[in-house]
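So you can see what is in the structure, the chains are spelled out below.
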Amino acid sequence: MAVDELQAIIERCQILEEADFKGEDFNLFQVAGQKCLEDGYAAQLLEVIQNEKNKVIIKNMGWNLISPLVRCIFMYKQEDDKREHCLKILDQLAQLCNPKELFLGLLEQIEQTSGEQVCQTVTLLLQPLQTVLLKLQNKKAYSVGLSLAMIMNQLTPLPVPYTKQQIQEDKLGLCQCCNAVVDFARPFVNEVVKNMEKSSEYNDMELKEELLKFCMKSLKYPLLTAQLEQLEGVEEHPFRHFAAEIIDILWDIRELIPLVFLHRKGKSPHWENQDFADIEQKNSADSLACLSYLMFVQHFGIDCFPMVFSPSYLLQCNMTHIEVLLKRTEESMLSKGLDLFESCLLRMEDNGLLHQYLEFRDFINVPQDLVKVMTLCPIEHVRKKSLNILQLFIDKFDAEGKYTLFRCLLKTSNHAGVEGYIIKNIKDQIHLSLTKACDNIWFTGHHLISLLDLVLLLPEGAETDLLQNSDRIMASLNLLRYLVIKDCESDNQTGVWTTLAKIEQNFLKPLHVGLNMSKAHYEAEIKNKKENRREVHSSNTVCSVTVSGEKMPAMTTEMQLQVLHSALFTFDLIESVLARVEELIEVKIKALMDEN
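Thresholds applied
- Residues numbered from 1 in each chain as written.
- Predicted model: local features only at pLDDT ≥ 70, side-chain atom pairs only at ≥ 80, totals over all residues.
- Heavy atoms only, no water.
- Helix = DSSP H or I, 4+ residues; strand = E, 2+ residues; numbered from the N terminus.
- Buried < 20%, exposed > 50% of the residue type's maximum accessible area, 1.4 Å probe, protein only.
- Contact = heavy atoms within 4.5 Å.
- Areas by Shrake-Rupley, 256 points an atom, 1.4 Å probe, with all protein chains shown as cover.
- Patch = residues over 30% accessible without salt bridge, like charges linked within 9 Å, V, L, I, M, F, W, Y side chains within 5 Å.
- Salt bridge = Lys/Arg side-chain N within 4 Å of Asp/Glu carboxyl O.
- Core = buried A, V, L, I, M, F, W, Y, C linked by side-chain atoms within 4.5 Å.
- Phe/Tyr/Trp six-rings, centres within 6.5 Å; stacked < 30°, edge-to-face > 60°.
- Axes fitted to C-alpha atoms, helices over the stretch in contact; angles between N-to-C directions.
- Parallel < 35°, antiparallel > 145°, perpendicular 65-115°, else oblique.
- Left-handed = near helix turned anticlockwise from the far one by under 90°.
- Nonpolar A, V, L, I, M, F, W, Y, C, P; charged D, E, K, R; others polar.

(A) Here's a closer look at the overall build of the protein. Across its full length, the protein holds 25 helices and four strands. Going through the 596 residues of the protein one by one, you find that 48% of them count as buried. Across the protein, every contact between residues at least 6 apart in sequence was considered, and the portion connecting residues at least 24 apart equals 74%. Approximately 29,600 Å² of the protein is accessible, and the part contributed by carbon and sulfur atoms is 50%.

(B) Molecular detail of a nonpolar patch on the surface. A cluster of nonpolar side chains, V308, F309 and Y313, forms an exposed patch at the surface whose accessible area comes to about 270 Å². Position of Y313 relative to the elements: it lies in helix 16 (residues 311-326). Relative accessible area serves as the criterion here: at 31%, Y313 is assigned to the partly exposed category.

(C) Geometry of the nonpolar core. Core analysis: the biggest nonpolar cluster contains 186 residues, and L155, L294, F341, L477 and L511 have the highest contact counts within it. The element contributing the most residues to this core is helix 11 (residues 174-198), with 13 residues. Non-local contacts of L155, meaning those with residues more than four positions away in its chain, are made with V118, C119, L174, C177, V181 and Y221.

(D) Local environment of the packing of aromatic side chains. Inspection of every chain in the model, using the stated rule, returns 14 aromatic pairs. Summarising the aromatic geometry, the rings of Y403 and W442 are spaced 5.2 Å apart at their centres and angled 50 degrees between planes, so their arrangement reads as tilted. Taken as a pair, Y403 in helix 20 (residues 399-412) and W442 in the loop between helix 21 (416-435) and helix 22 (445-455) lie far apart in primary sequence, 39 residues in all. Ring centres of F406 and F443 lie 6.0 Å apart, and the angle between their planes is 65 degrees; this geometry places the pair in the edge-to-face category. You can see F406 sitting in helix 20 and its partner F443 sitting in the loop between helix 21 and helix 22, a full 37 residues away along the chain. Given the relative accessible area of 0%, F443 is considered buried. Here a set of aromatic residues connected by ring pairs shows up, and it is made of F341, Y357, F360, F363, F393 and F397.

(E) Quick peek at the packing of helix 21 against helix 23 (residues 470-486). It is at 7 Å that the axes of helix 21 and helix 23 come closest, and there the two elements cross at 15 degrees. Relative to helix 23, the element helix 21 lies roughly parallel. Crossing of helix 21 over helix 23 shows left-handed handedness. On the side of helix 21, the interface is formed by A416, G417, E419, G420, I423, I426, K427, I430, H431, L434 and T435, while helix 23 contributes D471, R472, A475, S476, N478, L479, Y482, L483 and K486. Residues belonging to the contact of helix 21 with helix 23 are distributed by class as follows: nine nonpolar, six polar and five charged.

Next up, the structure:
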């Protein structure tokens, strides 16, 4: 019987001195103890462990029971008495075993777990692990850091619950586990706080650095991926609670404000391998971006925040973080970047952001990243929000800032829809300049002429793909029509009449030629399709066509004809606006000549 075998080994070891224990004794004790657990004699094993006479034996050999003990705990159901006995054994081992040996045994068990049992195993072993670490005298900071790193490394591969239903179900137990890890770290945080209060020149930085590393890892995972908005029907959002605890730890160890403002990265190890150094830097950038989101969007720790900084300075501090988030493709991170950008912009007054800020690299890079989100992101509501934020960003700049930003985006966006949107903004700024009493030099006169050189032209002359560039061309024609109507030739505030010959040469004439060529091409294509359709006597024949230089997906001839007719309609629309613009120019010039 397993209990008799264990008792025999115990009686044999009781008469030995601690120094006389041999490897064979350890093995026999482990095998007998494991058999007791597997055969359902946990209660008898508990009695053996609690027996005062066996204290020395358990101190030296008990840690060997951790692995079979964990297996048995998961094997029994929640309400089973045997499970309760196993939990009591685990608690006793934490109290009685050699701390160093048990520490290694617990870490080994956490390291070996995988899949769906990761969170269960970590949550189960956190309390005994904390008990053991509090007993350690030597290398406590190193051991705490090793434990936290091991735990986070095991949790990181797990998917983070994102929807309300996933968070409520918490299928793998990640939400519960994360908050348990914070409780595990709290005594060590309190120890750092106590030591800092004792002395203003707190020199033992090791434990503090390990806690800082843990917070930085937690900001990257799970918080960077997690959905942190308040959820209706969820009383206490587990990730919001976790985020609040991480912010509290950073505040308690006096690292919150330095991280937010000084972009401090902690004592990063020196990596000889550049790839490792790049990964370290990227991880740090992700964590700091998440920290800014927590503070400025979700307002965690905002009560600790010094309210002495201008909105423009806060925007400047956060632009690096916004850039990091907008370069990601995951919805959770993109949304955080957009929310952070929007939050910073809403603090500012319109027209109050000085143009000098565009000298900072981030202020040029971020709107370019925003354009990529607007044009490439497959998620519609994210694209729409990014467009709204781009407009908000434009609105905040002074006149020269808007002017500079428009020039930059026209040169870099490489997207006709975005260019058309910017041209519409230019038109709005010109309108304000012409209707306001104050003179705005940036959207009138020679500055505007320089800007119009970028707007009123075809990128590849008459050979420009008019269909692909239709948004830009229509916006340009509407701007030119507005200028001709609004600005009299005698006033010439915008300078458009001075540069009219150039506009005709670079824009209007090539557009005429391009329209004629494009219409002829598409009309010929339509004719060919119709002839082919008659030849095969079927309108359902699947064939292909190339539009705007790209081969379209396979579709019937009828469907292709609809697309080709739609293209012709676009050309007719451009042609009608072009004709109206030329008519207005002619009328204005004739009127001036008659007047003279």
